[in-house]
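Okay, here's what each chain looks like letter by letter:
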Amino acid sequence: THVPNFALFFILDFFPQTSRDICCVVFAFFNVIWATLFLEGWKRRGAELAYKWGTLDTPAEFIEEPRPQYRGVKRISPVTNCEELHYPPWKRLLFQSCVSLPICMSCLCFVFIVMLACFELQEFVLSIRELPRLVRFFPKILLAIIVSSCDEVYRKIAYWLNDMGILTF
């Protein structure tokens, strides 16, 4: 979806400023209408599912059940005066800061370094004129394989982080 928008604005660059301003206003108006219709459709779908599942008139506190894996200390809620499990916010912040954030940053750095290495390899391969044409596609194919592999690894990491979050949040 980003490519057509970029292409539209690239094409508009050839027109005078007033035409570009008018097109930007029309584009903004289109986005407002689209967002409104999308949200109303979302509400309607939610109401349909609530009716289908028989939860249309049920208060939210009766629908939500605590997760079975949740760990915490039982205490009386200061808001509802009902017994609930409580996990201290400082432990949550500690997990996010010491586990989630470093893992996510490491994954991002790895992908960035691999991407730069593939771009450098692409430049190197293109600088050698004697190579067959098919060999010139090797860096792109290598990048695609690495991205697919990282997708699988990162999915497992994300599931693990999510499970750890469920156990502690």
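Residues numbered from 1 in each chain as written. Predicted model: local features only at pLDDT ≥ 70, side-chain atom pairs only at ≥ 80, totals over all residues. Heavy atoms only, no water.

- Going by an unreviewed UniProt entry, the protein chain carries the name Anoctamin and comes from Aquarana catesbeiana.
- As stated in UniProt under Subcellular location (unreviewed entry), the record for the protein chain gives "Membrane".
- Per UniProt, the protein chain has the following entry under Sequence similarities (unreviewed entry): "Belongs to the anoctamin family." (UniProt positions renumbered as here; feature names shortened; annotations may be inferred.)

## Details of the packing of aromatic side chains
Argument step 1. Evaluated as defined, the whole model comprises two aromatic pairs.
Argument step 2. Ring geometry for Trp34 against Phe38: centres 5.4 Å apart, planes inclined by 20°, an arrangement best described as stacked. Of this pair, Trp34 and Phe38 are both found in helix α2 (residues 17–53), four residues apart, which corresponds to roughly one turn of the helix.
Argument step 3. Measuring from ring centre to ring centre gives 6.1 Å for Phe38 and Trp42, while their planes differ by 35°; the resulting arrangement is tilted. (Phe/Tyr/Trp six-rings, centres within 6.5 Å; stacked < 30°, edge-to-face > 60°. Helix = DSSP H or I, 4+ residues; strand = E, 2+ residues; numbered from the N terminus.)

## Brief notes about the UniProt feature "transmembrane region" (unreviewed entry) in the protein chain
Argument step 1. Residues annotated in UniProt with the feature "transmembrane region" (unreviewed entry) correspond here to residues 18–39 and 93–117.
Argument step 2. Helix makes up 100% of residues 93–117 and strand 0%, whereas the separation of the span's terminal C-alpha atoms amounts to 34 Å.

## So, the pairing of strand β2 (residues 83–86)
Argument step 1. Inspection of the sheet shows strand β1 (residues 73–76) paired to β2 by four bridges, in the antiparallel sense. Paired with Lys74 across the two strands is Leu85, which belongs to β2.
Argument step 2. In this antiparallel pair of consecutive strands, β1 and β2, the connection spans six residues, and Asn81 shows a positive phi of 60°. (Pairing = 2+ DSSP bridges.)

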